[in-house]
Amino acid sequence: MIKRGKKAVLAILISSFLSPFFLHAEKLSPKDLPEKYKKWLEEEVVYIIVPLEREVFLMLKTDRERDLFIEAFWKHRDPTQATPENESKEEHYRRINYANRFFGRGTPKPGWRTDRGRIYIILGEPNDIQRFEGTTMTYPSVVWFYQGKTDIGLPPGFHLVFFQKGSLGEYRLYSPLKDGPQALMPNIYVDPYDYLGAYEQLRKFEPELAEVSLTLIPGEDSASFGRPSMVSDLLIQKVERVPAKQVKEKYAQKFLEYKDIVEVEYSANYIDSYSLVKVIKDISGIYFVHYAIEPKRLSVDLYENKYYTILKLNGTVSNTEGKRIYQFEKEVPLEFDDEQIKDLSHRPFSIHDMFPLIPGNYKLSVLVKNEVSKEFTSLERDLIIPQDKEALQMTSLILGYNVNRRGTEQNKLRPFQMGAYQIYFQGNRVFLKQDTMAVAFQIHGLSPVLREKGEIKYTFFKKGEEFRSDTRKINEYAELPSLIEQFSLQEFTPDHYRLQVSLFVDGREILSDSEDFDITYLEAFARPWIYSKLLLGTKDPIYGYLIGTQLFNSGKIAEALGFLEEAFQSKPDSNEFALSLAKAYMNLAEYEKIESVLLPFLTQSPPQKYEVFYIMGTAYLEMGELKKAVNVYDRAISHYGLNINLLNALGECYFKLGDYKEALDVWERSLEINPEQPQIKMKVDALREKYGEERKK
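Rules of the game
- Residues numbered from 1 in each chain as written.
- Predicted model: local features only at pLDDT ≥ 70, side-chain atom pairs only at ≥ 80, totals over all residues.
- Heavy atoms only, no water.
- pLDDT = per-residue confidence, 0-100.
- Helix = DSSP H or I, 4+ residues; strand = E, 2+ residues; numbered from the N terminus.
- Contact = heavy atoms within 4.5 Å.
- Patch = residues over 30% accessible without salt bridge, like charges linked within 9 Å, V, L, I, M, F, W, Y side chains within 5 Å.
- Areas by Shrake-Rupley, 256 points an atom, 1.4 Å probe, with all protein chains shown as cover.
- Salt bridge = Lys/Arg side-chain N within 4 Å of Asp/Glu carboxyl O.
- Buried < 20%, exposed > 50% of the residue type's maximum accessible area, 1.4 Å probe, protein only.
- Axes fitted to C-alpha atoms, helices over the stretch in contact; angles between N-to-C directions.
- Parallel < 35°, antiparallel > 145°, perpendicular 65-115°, else oblique.
- Nonpolar A, V, L, I, M, F, W, Y, C, P; charged D, E, K, R; others polar.
- Left-handed = near helix turned anticlockwise from the far one by under 90°.
- 1 Å grid on protein atoms, 1.4 Å probe; cavity = no way out; pocket = protein on both sides within 12 Å on 5 of 7 lines; lining within 4 Å.
- Points joined across faces, edges and corners; volume = space filled by probe spheres on them.

This part takes up the confidence of the model for the chain. Predicted coordinates in areas of low pLDDT are best not read in detail. In the predicted model, the chain carries a mean pLDDT of 90, and the fraction of residues at 70 or more is 94%. For the chain, per-element mean pLDDT is lowest for strand β1 (residues 2–4), which scores 32, and highest for strand β4 (residues 141–147), which scores 98. A low-confidence stretch, residues 1–23 stays under pLDDT 50, and its non-local contacts, those more than four residues away or across chains, total 62 contacts.

Right, let's get into a nonpolar patch on the surface. Together, Leu-177, Met-230 and Leu-234 make up an exposed nonpolar region whose accessible area comes to about 270 Å². Given a relative accessible area of 32%, Leu-177 falls into the partly exposed group.

Here the focus is the packing of helix α1 (residues 35–44) against helix α2 (residues 51–59). Closest axis-to-axis distance for the α1/α2 pair is 12 Å, and the angle between their directions is 170°. Considering the angle they form, α1 stands roughly antiparallel to α2. Across the interface between the two elements, Tyr-37, Trp-40, Leu-41 and Glu-42 of α1 pack against Arg-54, Phe-57 and Leu-58 of α2. Its residues assigned to classes, the contact of α1 with α2 shows 5 nonpolar, no polar and 2 charged.

Okay, unusual backbone geometry next. Here Leu-480 and Pro-481 are connected by a cis peptide whose omega angle stands at 15°. With respect to the element layout, Pro-481 can be found in the loop between β23 (465–473) and β24 (482–488). Located in the positive-phi region is Asn-305, a residue other than glycine, with phi close to 65°. Residue position: Asn-305 is located in the loop between β9 (297–303) and β10 (306–319). Judged by its relative accessible area of 65%, Asn-305 is exposed.

Remark: helix α3 (residues 63–77) packs on helix α10 (residues 250–258), axes separated minimally by 11 Å, with the N-to-C direction vectors making an angle of 150°. By the angle between their axes, α3 is roughly antiparallel relative to α10. As α3 packs across α10, the resulting crossing turns out to be right-handed. Contacts between α3 and α10 involve Glu-65, Leu-68, Phe-69, Ala-72, Phe-73, His-76 and Arg-77 from the first element and Tyr-251, Ala-252 and Phe-255 from the second.

The subject of this paragraph is the pattern of salt bridges. Per the counting criterion, the structure on display carries 40 salt bridges. Across the pair Arg-527 and Asp-435 runs a salt bridge, and its minimum N-O distance is 2.5 Å. Highlighted residues: Arg-527 in the loop between β26 (508–519) and β27 (529–531) and Asp-435 in the loop between β20 (430–431) and β21 (436–444), separated in sequence by 92 residues. Across the pair, Asp-435 and Arg-527 agree in class, each one buried. Several salt bridges converge on common partners, so that one network encompasses Glu-668, Lys-681, Asp-685 and Arg-688.

Turning next to empty space enclosed by the protein. A full pass over the atoms with the stated rule returns 1 cavity of 30 Å³ or more. The calculated volume of the largest cavity comes to roughly 90 Å³. Lining the largest cavity are Ile-271, Pro-295, Arg-297, Leu-298, Leu-311, Ile-351, Val-368, Lys-369, Asn-370, Glu-375, Phe-376 and Thr-377. Taken together, the residues that form the lining of the largest cavity break down as 7 nonpolar, 2 polar and 3 charged.

As structure tokens, this is what we get:
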């Protein structure tokens, strides 16, 4: 499927599942919105905005956020996003103007608020209109006929009837069940529930109107049943729900979550994805978070017979207090030839990656942006990394459709490899009947007694009832703590299942975990195209650096220091390693150690990061090496320009050196940049008074 616009873009479609989303944040009442946003919400889009979009809009805090949401709202409905015109938006406002011009006559309401105005705004121009007016035997009535709306869940053809009760006011939407044929005629005296009698009378005066008085669906013979069709009232309900059929509302949820970090050109283009996140403990004792994200589609650009795109990953790990413990950014350039793109057009695309994480409770968020199509997707998970590495624990289950034994590959790491085994899985955990399911997990902290007496029970549940179970002794597994078991699915009929894995000792359950999965009716489906990279082994100093940084961000400075020192000693030419270690020394007030770490980087060309100069200068200042501090701060200013942190620190150096005029000059420049610095202003005022200068207002 090619999206055409300024670029030729190939969208590779992958099935997805839209999860429900519940919002708990505070929101405004519509009446509290600024007038133009209240009008937009309560008048302009009142019939087409879906509940989740409305909830999100009321949670926005600023007018800028509301403007960006409105832009995203229309962008999400734009059928041709590569062109400057938004045909959907233009058509919507044309419908509002038409409704106001033609449907508000004879009523105090504006046309958009009438029943005809509402339906016209939702469905647009009818294919045919019949009018029944100018007779005393029936109330003025109009019948609209629509066809070609099956793509939004409506019948191939259907009628909608509007009538003017008492021949006055607006035309109301007619319901065969609630109103009945008798509502279309004045001065009719029949039993209110004698629909057939009323139908027969109406048929004498207006046969065509009578035909749509019991059913709105052509070809449905409701008259033979003597009562209106319930299907017609269900149709009216479906019409009212049409806007929800035309919108994938999850983009609104993601707009709210990512509005501060996703540009508006992306914000309307959220795409669903499957994802999987598992924690696996490496033989080194380090816990790694393995994650996979499988977007609904992968859009690529075509240039010189090559298909390409760039995916940008942004991941954050925050603790329960919301403090960011770890952050990463990665760029994934992708390029495909014709054969590969043909293959990929029938297969899901899945990104697999992993990173180390220290013990604690966290929230993981990974944002994936497609630079070509300006689409984005995300995953969010709660994570628990055990505090006690020696405690008895079971990792969560990985259910795969295949498992391969791999070599060590020179001490490299690979996402979703457990011990020597690589696990392949479908993001949606769907299996074929002919598959052999691989169940992979780890049990840590097994005592000699548990290794000898423990048993693993595998129990499959179907519709809540036990379907099958198998038991194996722990000592039968040769590669503990990793356990891999495989099960033929031939006897599993298509349905939803749950697998529970439990550790038993002497008939008593000690640990357990479970995972849901589905068996499909399909005979075959494509497995994912996996993008992943081999990572450096755990002996590489990068892991000490990452763990040390996470500990530092968690406030565990003393614990972080050992990891950061070891990483720096292994790679003393690393700017990042040196800077992180210097921050730890600074936090612990071990200023004298900073010089040996950072000094080599101050003479390098091109200049190093601003932080290297600032931390080195601050260390000199704290040690009383004031002239050295001035020299470092001056060099930082020459490379990076003025900022208040550098100026304030430089002023402090001059003040302690007794050079008050220089201190005054530097601090005055700082106040020019930001006048709202009470402490600096007090120092400046004191120096001006000392030198008899007129105080500047």
